[in-house]
Amino acid sequence: MKKINTRFAVHYHIPATLNNDKIYFPFYFSKWIDELCVIFKEVILIVHTYNQKPTTDEIPLKSTNIKIINLGPKDDFFLKRVFKFRYYQKIIKKNLNLFDIVCFRYPSPLTIYLNLALGNKPSFPIIVGNMWQLVFYADITFLKKIILFIYWYLDHTIFSFLYRSKLVFSIYNAKKVFPFLSKVTFLHTSTINKTDVVNTPKALPKNVYTLITVSRMAKDKGISSLIKAVNEVKNRGIKIRLNVVGGSNDYELSNLKNEVSKLNLKNEVKFFGQIASYKVLSHFDNADIKIVPALVDFSPRTTWEAASRGLPIIMSEGVGMGINKEHFHKNNKMLFFKANNYKNLADQIEKVSSDNVLFKQLQKNSIDIAKERTLENSVKYLVENLIKENYINE
C-alpha cells in the first residue's frame, strides 16, 4: 500500500516512556504504531509520558515520522485525571494544527473529553473492550466496583450517542454493548508481522505433549482450572506437561504453586514467571498446544502469537468478543471448552493429543489464522475503510 499524505493522530491510555531521545511503548503497541508509520505521512501520539528508564517489556519505536502531543505524567488516582480534563482539552486545542485526523483507542476516560476539543477535525474510535462489565472481575473492593461501574456505564452511554452515526471500528460485536452505534466495522488487532508466521508447523510430539498458557496471574485467567485439567489428563494415562508463562501477582502465583504441590504435579507443571513480550515466540516454539483458559477476556493477544507458530489452540468460551469467536466456531478453526470446567478442557486436550489428523489440521488452521491477522493486514484494512468512508484521501 502506498504512502497516505495524512497526519494521523492516535490517543491511547498507555503512557509513553521517553529516554535518550527515544520513545518506548509496550511491545505490542510499539509494533502497531510502527506499522501505522509505514502508511501515513506522520503519526502524532496523544499520550501521557514519563521520563524514566524503560521496562523490559517496552521497546523503542523504530519510525522517525512521529511527534508527541504530551499530556504529561499520568496520575495514579483516577479522579485526579477526571478533574484535569479541561487541562487536557486545552493541550489538544493548542495542537490542532499538528494532525488531520485522530483515532481514539477506547475505552479511555479521555476519549469523550478530547473529542469535544477537536472542532471540525474528523475522529474515529477503535473499541477494544468495555469497562462496565470488566470492573466486576477486578481485584478491588465492592464499593469501588459500584463507583466504577456507574462511571463507565455513563461514559459508554455518552460515547454511544457521540458516535451513533459515525464510523466505529471494534475488535468485537460492539453493538451488543453500545446499541446506539450504527456504523460498526470489525477490525482485528494483532501483535504479529508477516515474518513471524511459520510456513510449516513443527513435527508431531513423540511422547509428551507440552501445553502452554501465557497471561498475568489472576483468578479470572482460569489457570487453576487448567492445572486441574492437567491432573485429569494425567490420570487418564496421557503424558502431558504445562508451561505457565506470566507473573505480576505473587499471591495468586503462590496459590497456584500450592495447588500444583497438592496434586503432585511438580514434574508436569513449570512456572516461568514474567517475561518480556518479545521473547514469547520462543516459548511457543517449545510447546505443542496453546491453552486459553480465561473465565473472561476480550482478546488475548498471545492467541495470534501462538497461531503464528502453528500451535493448535484450545480456548475457553469465556474468551470472546475480541477474537470474533463465532467465526472460529463456525469454521472449526480451534477447539473450545466451557469456562471453568476442567473436565471439559481435559476432554479437548485428550481429543487433540490422541488424534494426529486433527492435530495437523489445527496446526494448519492456526497458520491460516495468523496469516489473516497480521499487523500489516490490520492497518491495511483500517486504511481501506477510512478511504471508503471519505475520512482520508487515497
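Preceding this section is the structure that the text describes.
Here the structure is a predicted model, which is why all the values come from computation and not from measurement.

About the thresholds
- Residues numbered from 1 in each chain as written.
- Predicted model: local features only at pLDDT ≥ 70, side-chain atom pairs only at ≥ 80, totals over all residues.
- Heavy atoms only, no water.
- Salt bridge = Lys/Arg side-chain N within 4 Å of Asp/Glu carboxyl O.
- Helix = DSSP H or I, 4+ residues; strand = E, 2+ residues; numbered from the N terminus.
- Buried < 20%, exposed > 50% of the residue type's maximum accessible area, 1.4 Å probe, protein only.
- Pairing = 2+ DSSP bridges.
- Phe/Tyr/Trp six-rings, centres within 6.5 Å; stacked < 30°, edge-to-face > 60°.
- Core = buried A, V, L, I, M, F, W, Y, C linked by side-chain atoms within 4.5 Å.
- Axes fitted to C-alpha atoms, helices over the stretch in contact; angles between N-to-C directions.
- Contact = heavy atoms within 4.5 Å.

One pass over the full model with this rule turns up 14 salt bridges. A salt bridge links E389 to K183, with the shortest nitrogen-to-oxygen separation between them at 3.3 Å. Within this pair, whereas E389 is found in the segment after α14 (375-388), its partner K183 is found in strand β11 (residues 183-186), the two being separated by 206 residues in sequence. Here the residues in one salt-bridge network are E232, R236, D347 and E350, joined through shared partners.

Look at any regular strand and the pattern is simple: side chains alternate between the two faces of the sheet. Judged by how many residues are buried, strand β9 (residues 123-127) sits mostly within the fold: five of five residues are covered. Burial along β9 is two-sided: the residues S123, P125 and I127 and F124 and I126 are all buried. Sheet topology places strand β8 (residues 101-106) next to β9; five bridges connect them, and they run parallel. In the sheet register, F104 faces β9, and the bridge partner there is P125.

Turning to the packing of aromatic side chains, a few remarks are in order. Any aromatic ring pair is given by two values, namely how distant the centres are and how the planes are angled relative to each other. Overall, the coordinates contain 16 aromatic pairs when judged by the stated rule. Ring geometry for Y151 versus W152: centroids 5.2 Å apart, planes at 85°, classification edge-to-face. Their ring planes at 25° and their centres at 4.4 Å tell us that F161 and F180 sit as a pair that is stacked. Of this pair, F161 sits in helix α6 (residues 142-162) while F180 sits in the loop between β10 (167-170) and β11; the two residues are 19 residues apart in sequence, bridging distant segments of the chain. Its relative accessible area of 38% is what places F161 among the partly exposed residues. Residue class for F180 comes out partly exposed when judged on its relative accessible area of 40%. Members of the aromatic cluster, each reached through a chain of ring pairs, are F8, F40, F124 and F169.

The next subject is the nonpolar core. Membership of the largest hydrophobic core comes to 34 residues, with the highest contact counts inside it found for F8, W32, I33 and L45. If you list the elements that add at least two residues to this core, you get β1 (4-11), β3 (22-26), α1 (27-39), β4 (40-47), β8, β9, β10 and α14. No other element matches α1, which puts seven residues into this core.

Okay, the sheet that holds strand β5 (residues 49-51) next. Here four strands make up an open sheet; going across it, the order is β5-β2-β3-β6 and the pairing mixed. Every interior strand has two partners, whereas the edge strands, β5 and β6 (58-60), have only one. Strand after strand, the sheet turns through a mean of 30° between neighbouring axes, direction not considered. Across three bridges, the pairing between β3 and β6 is antiparallel. Within the sheet, the bridge partner assigned to F25 lies in β6 and is I59. The strands that α1 touches are β3 and β6; relative to β3, the one it contacts most, it runs at about 120°.

Let us now look at α1. One full turn of an α-helix is made of 3.6 residues, so residues set three or four places apart face in the same direction. Here α1 lies mainly inside the structure; twelve of its 13 residues are buried. Among the residues of α1, F27, Y28, F29, S30, K31, W32, I33, D34, E35, L36, C37 and I39 are the ones counted as buried.

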